[in-house]
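One-letter residues, chain by chain:
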Amino acid sequence: MRWDTLDRLDHRKPLVVDTRELGRRPGSMLKVSRTVPAPVDMGVADVIGAPPGAPIQLGVRLEAVMEGVLVTGVAQVPLTGECVRCLEPLERELTVRFQELYVYPDADADEDAFRLTDDLFDLEPVLRDATVLALPLSPLCREDCPGLCSECGALLAEDPDHSHELADPRWAKLTSIFDGPSAEADVDGAPRADENQEK
């Protein structure tokens, strides 16, 4: 049996839903809309997620079926995080859809099934799982974010023409010969060929 069915649920918690008004007659339906504070650990640590306590707009449809209550819902979840390319903070709103069957206590169901407890169910685990699965793996502040300069860490979005003159390492030896202090020059300032060079 799941951990959330071992203890009595507190009906005062914002994500605990009461189904007594729905009844048990198959086909009965009830809609619930509410604004709830985001629970903790609703995201990917240090990357993106819903700030604890942020308001989540929640719309849920409850439908009585033979085994229990089928819950179908949608949530508008505010997100904060960090762009993986430029490391700038970002804010988004994520639309999360979910569906779960909460079975009656006396119903024959799998051991790990979600169950009703005193006609109540806790939506928090389902909402958290649905949100985390819907989060972007690599959040971006914008699709074409250029990121940071790999040489100096400058924010490329603020300076699109930013660049560094990179010398090809294969030509480094020649550069040191011709640009170094030992390079000889003729009267016109042009480098003089090596006297030992074959004619």
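As a starting point, this report considers the structure included with it. (Residues numbered from 1 in each chain as written. Predicted model: local features only at pLDDT ≥ 70, side-chain atom pairs only at ≥ 80, totals over all residues. Heavy atoms only, no water.)

1. A short note on the pattern of salt bridges
All told, the structure shown has five salt bridges when counted by the stated rule. With its nearest N and O atoms 3.0 Å apart, the salt bridge here joins R12 to D10. The class for R12 is exposed, based on a relative accessible area of 66%. Judged by relative accessible area, which is 26%, D10 ranks as partly exposed. Measuring nitrogen to oxygen at the nearest pair gives 2.5 Å for the salt bridge that ties R20 to D18. Residue R20 is classed as exposed on the basis of its relative accessible area of 56%. Judged by relative accessible area, D18 falls into the partly exposed class, the value being 29%. (Salt bridge = Lys/Arg side-chain N within 4 Å of Asp/Glu carboxyl O. Buried < 20%, exposed > 50% of the residue type's maximum accessible area, 1.4 Å probe, protein only.)

2. Describing the packing of aromatic side chains
Summed over all chains, the structure comprises two aromatic pairs. Aromatic side chains Y102 and F114 sit 5.5 Å apart centroid to centroid with 50 degrees between the ring planes, which places their arrangement in the tilted category. Of this pair, Y102 sits in strand β7 (residues 89-103) while F114 sits in the loop between β7 and β8 (120-122); the two residues are 12 residues apart in sequence, bridging distant segments of the chain. Here Y102 falls in the buried class, since its relative accessible area comes to 1%. A relative accessible area of 7% places F114 in the buried class. Here the aromatic residues Y102, F114 and F121 are joined through ring pairs into a cluster of three or more. Sitting over the ring of Y104, R24 keeps its end group 3.8 Å from the ring centre. (Phe/Tyr/Trp six-rings, centres within 6.5 Å; stacked < 30°, edge-to-face > 60°. Helix = DSSP H or I, 4+ residues; strand = E, 2+ residues; numbered from the N terminus. Lys NZ or Arg CZ within 6 Å of the ring centre and 35° of its normal.)

3. Let's talk about the state of the cysteines
The full count for this structure, using the stated rule, is zero disulfides. Not engaged in a disulfide, the cysteine C145 finds its nearest cysteine sulfur in C141; these two sulfurs lie 3.7 Å apart. (Disulfide = S-S within 2.5 Å.)

4. So, the environment of Y104
Among the structural elements, Y104 can be located in the loop between β7 and β8. The sequence separation of Y104 and R24 amounts to 80 residues, and the corresponding C-alpha distance is 9.5 Å. For Y104, the contacting residues outside a window of four places in its chain are G23, R24, A64, V65, M66, E67, G68, V69, R115 and L116. (Contact = heavy atoms within 4.5 Å.)

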